[in-house]
Amino acid sequence: MLVNLGIGIPTMVANFIPRDMKIFFQSENGLIGTGPIPEEGMAHPLLTDAGGRPVTALPGACTFDSAMSFGLIRGGHVDVTVLGALQVGANGQLANWMIPGKMVPGMGGAMDLVTGAKRVIIAMQHTAKGKPKVVNTCSLPLTSVRPIDLLVSEMAVIAFPDGKAMLMERAPGVSVEQIVAATEAKLLLADKIPEMQL
Amino acid sequence: MQTISVIDAVAMIPDGATVMVGGFMGVGTPERIIDELVRQGKRNLTVIANDTALPGRGIGKLVDAKLVGHTIASHIGLNPETQRQMIAGQMKVDLVPQGTLIERIRAGGYGLGGVLTPTGVGTVVEEGKQRIESNGKTYLVEAALHADFALIGAFLADYLGNLSYALTARNFNPVIAMAASTTIVAAEHIVPIGLIAPDHVVTPAPLVDYLVANG
């Protein structure tokens, strides 16, 4: 399985992969088989992740140019991408690349990833400074019109079947009411909403 | 292919030139050519590259020296000086999705007028662009990009100009090598012909106009 992780919370996903699961991590700057951060003194200046930080390459890794890297992404060859979010709409549409007038970093690879990956998972804090990030309609510029598949926060797991937000799981000790209160979008409630298995 | 001093190579680049620069956050950027551009003070450059690196690194040095009038890139978020000059109106910045940017460059080098991509449909990226429906899917028409100069950072160059790259320093380099009128290469190592095996040559020698000599 080929997986691309965004920066921030999504990067931490790599620390929780079951040992028997065969996963290749892609860095969009041109690497499949991205490994952990190198030990002190072992960094190679020409081996970095998409943020320019030193990484390692695992046995079986390969490198390629940016056209192939984004061919992999846009062409549907990346099985899963895990990204951060600024806002997610009730219909699953994502805004995660700019705040007009405040933060204009550029979209980098985010638009291609959300448009092309087979499965888009968002890993984020449920709210920002107490304000819901799962909103009725994104007010920030969209990353793609393609809806995300799954959202995982410290409070809840929300799926987006048929472009509708459905609460699937809740974090241990968090009630459905607390999640609904921290969410602007109307949530469909699954028949059973079990606690997340951590 | 001609070998050339870095001074003479950069002297060919006029003020106002459009330059494609290899590298991803500075990794794979030909720093010697960048340093000489700064030393010779080439002004009002249009830079086409993935990003503008960091202040003091790669393209960031051109930004620090206020030599860039227009940037076409996918990401400037890690260079606050680029953002400052953009907000102050000193530099025009076009932000392009990374996969679209590299394909526009590839199209320019491969003799295509542009590409059709689903990336950006229904977003601000679509503004001013033509939509095309094909096989039931919606695409944007994204025009090809060309440059006056491509500035390449290679790992190995042989005496003929065949190039290979190392690890994640490949990125935009082999693609921009095809999309500019004049291609200038700075390599970490210049090696005898044959040392890069035919199967390992990534950029063929006929694409390289100038190889910057050591020293």
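Residues numbered from 1 in each chain as written. Chains lettered and ligands numbered in written order. Predicted model: local features only at pLDDT ≥ 70, side-chain atom pairs only at ≥ 80, totals over all residues.

Quick notes on the overall build of chain A
- Within chain A, the secondary structure is distributed over three helices and 15 strands.
- The dimensions of chain A, computed from C-alpha atoms along their principal axes, are 50 × 40 × 30 Å.
- A burial count over chain A gives 44% of its 198 residues as buried.
- Considering only intrachain contacts with a sequence separation of at least 6, the fraction spanning at least 24 residues in chain A is 63%. (Helix = DSSP H or I, 4+ residues; strand = E, 2+ residues; numbered from the N terminus. Buried ≥ 20, exposed ≤ 12 C-beta atoms within 10 Å, placed from the backbone. Contact = placed C-beta atoms within 7 Å.)

Concerning the confidence of the model for chain B
- Of all residues in chain B, 100% attain a pLDDT of 70 or more, and the chain-wide mean is 97.
- Interface confidence for the predicted complex, given as ipTM, is 0.96, next to a pTM of 0.96. (pLDDT = per-residue confidence, 0-100.)

Some remarks on the domain arrangement of chain A
Residues and elements named next belong to chain A.
- What the domain assignment lists for chain A is domain 1 (1–78) and domain 2 (81–198).
- If you look at the interface, domain 1 gives 14 residues, while domain 2 gives 13 residues.
- Looking at the side of domain 1 that touches domain 2, the elements with two or more residues in it are strand 1 (2–5) and helix 1 (66–74).
- For the side of domain 1 that touches domain 2, the residue count by class is seven nonpolar, five polar and two charged. (Domains from an automatic or database assignment. Nonpolar A, V, L, I, M, F, W, Y, C, P; charged D, E, K, R; others polar.)

Side note on the interface of chain B and chain A
- With 36 residues of chain B in contact, the opposing surface of chain A contributes 33 residues.
- At the level of secondary structure, the elements contributing two or more residues to the side of chain B that touches chain A comprise helix 5 (98–109) and helix 6 (173–176) of chain B.
- Examining the composition of the side of chain B that touches chain A, we find that five residues originate from one element, helix 5 of chain B, more than from any other.
- Classifying every residue of the side of chain B that touches chain A by side-chain character gives 18 nonpolar, 15 polar and three charged.

Observations regarding the pairing of strand 3 (residues 45–48) of chain B
Residue and element names in this part refer to chain B.
- Pairing analysis gives three bridges linking strand 2 (residues 18–21) to strand 3, with the strands arranged parallel. Bridge pairing in strand 3 links Met20 to Ile48.
- Taken together, strand 2, helix 2 (residues 31–40) and strand 3 form a β-α-β motif whose crossover is right-handed.
- Of the strand pairs in this sheet, strand 3 and strand 4 (residues 68–73) are connected by four bridges, and their pairing is parallel. What sits directly across from Ile48, in strand 4, is Ile72.
- Running through helix 3 (residues 59–64), the crossover from strand 3 to the neighbouring parallel element strand 4 is right-handed. (Pairing = 2+ DSSP bridges. Right-handed = clockwise from strand over helix to strand, strands pointing away.)

Observations regarding the sheet that holds strand 14 (residues 166–170) of chain A
- Ordered by their spatial adjacency, ten strands build an open sheet running 4-3-2-1-5-8-12-13-14-15 (chain A), and the pairing between neighbours is mixed. Among the strands making up the open sheet, the edge pair consists of strand 4 (56–63) and strand 15 (188–189) of chain A.

Here's the deal with the environment of Asn173 of chain B
All names here are of chain B.
- Structurally, Asn173 is set in helix 6.
- For the pair Asn173 and Phe24, spaced 149 residues apart in sequence, the C-alpha separation works out to 9.6 Å.
- Leaving out residues up to four positions away in the same chain, Asn173 has contacts with Gly22, Gly28, Ile152, Gly153, Ala154 and Tyr165.

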